[in-house]
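Residue-level structure breakdown
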Amino acid sequence: MAHGNADKRVLSQWLPKALLLLSLLPLPACHHAPPGGHVPAARLLYLEEIEKDMNAFTPDPRYPDDPFVLVTVREAMAGARERNGGIGACLVKEETGEVLEKSHNRQYEPYFRSSLHAEMDLLDRFEERMRLTRSRDPRDPTYLDPRAAAGIVLYTSVEPCPMCLTRIINAGIKKVYYAAPDINGGMARRFESLPPFWKGMAEGMVLEPARCSPALTDIAARLFRPMHVPGAKRL
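Residues numbered from 1 in each chain as written. Predicted model: local features only at pLDDT ≥ 70, side-chain atom pairs only at ≥ 80, totals over all residues. Heavy atoms only, no water.

1. What about the pattern of salt bridges?
For the coordinates displayed, the defined rule picks out 16 salt bridges. When the shortest N-O distance is used, the salt bridge between Arg 83 and Glu 109 registers 2.4 Å. Residue Arg 83 is located in the loop between helix 3 (66–81) and strand 1 (88–93), and its partner Glu 109 is located in the loop between strand 2 (98–104) and helix 4 (118–130); the two are separated by 26 residues in the primary sequence. Here Arg 83 falls in the partly exposed class, since its relative accessible area comes to 23%. Taken together, the shared-partner salt bridges connect Asp 53, Asp 218 and Arg 222 into one network. (Salt bridge = Lys/Arg side-chain N within 4 Å of Asp/Glu carboxyl O. Helix = DSSP H or I, 4+ residues; strand = E, 2+ residues; numbered from the N terminus. Buried < 20%, exposed > 50% of the residue type's maximum accessible area, 1.4 Å probe, protein only.)

Encoded structure:
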């Protein structure tokens, strides 16, 4: 019996210490493919050919949106090389042509985040940087409507999807230009199908193909094309 009591005392002394040590050990990370993992050689070659065309491109003065669409396809290339979707976007101050923010699809790397389409991540970054607030009373002289985005234009390499379009509307952006159409998922051609609430918020919105060189439209479409579901209708 004395031996049993001694064992219990030893256990009572060491058990809390053992539990403390276990609590300090790092937990195993969630399993996902390592960032920048394997990219098939054929895809790399495909992207290299597009990048050559992109680097050789010179904006054409006949197409006023070329400089901004070029920003979006460069971002799209960055996304594609990261094993994300090949779509890019930017926000531009219309009066000066200043690029206020730029981004690309980050949905798959370093881990899956279903919300991070190019336009969504772009607006996340811009809004986080601006951190606009408003008073509760519009009569207050300090009142600021965070959706008062007059003079800001959103350019994207591909026609926005339903999720991105409603986010753009909610952000107060009234001018959107896209380089390449998305026949299967784009909302510009389906704008009238928006619910009444969203159509009301989007009143006066411009949602049109960008006034860019055909070569840039082609580059945007080629970067987006690998995302199509096999068997779906092509651009």
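2. Looking at the packing of aromatic side chains
Here the structure, examined in full by the defined rule, presents four aromatic pairs. Here the aromatic residues Phe 68, Tyr 155 and Tyr 177 are joined through ring pairs into a cluster of three or more. Here the basic side chain of Arg 113 rests over the ring of Tyr 111, its NZ or CZ set 4.7 Å away from the ring centre. Cation over ring: Arg 211 sits above Tyr 177, and NZ or CZ is 4.8 Å from the ring centre. (Phe/Tyr/Trp six-rings, centres within 6.5 Å; stacked < 30°, edge-to-face > 60°. Lys NZ or Arg CZ within 6 Å of the ring centre and 35° of its normal.)

3. Overview of the pairing of strand 1
Most of strand 1 sits out of view: five of its six residues are buried. Note: strand 1 against strand 2, six bridges, orientation antiparallel. Each bridged residue has a counterpart across the sheet, and for Ala 89 the counterpart in strand 2 is Ser 103. Linking strand 1 back to strand 2 in an antiparallel pair, the connection comprises four residues, with Gly 97 at a positive phi of about 80 degrees. Bridge count for strand 1 against strand 3 (residues 152–158) is five bridges, and the pairing is antiparallel. In the sheet register, Val 92 faces strand 3, and the bridge partner there is Val 153. (Pairing = 2+ DSSP bridges.)

4. Quick word on helix 5 (residues 162–171)
Here helix 5 lies mainly inside the structure; seven of its 10 residues are buried. If you follow the buried residues of helix 5, they end up packed against helix 4, strand 3, strand 4 (175–180), helix 6 (196–201) and strand 5 (206–209). Positive backbone phi, at 90 degrees, marks Gly 172, one or two positions downstream of helix 5. (Contact = heavy atoms within 4.5 Å.)

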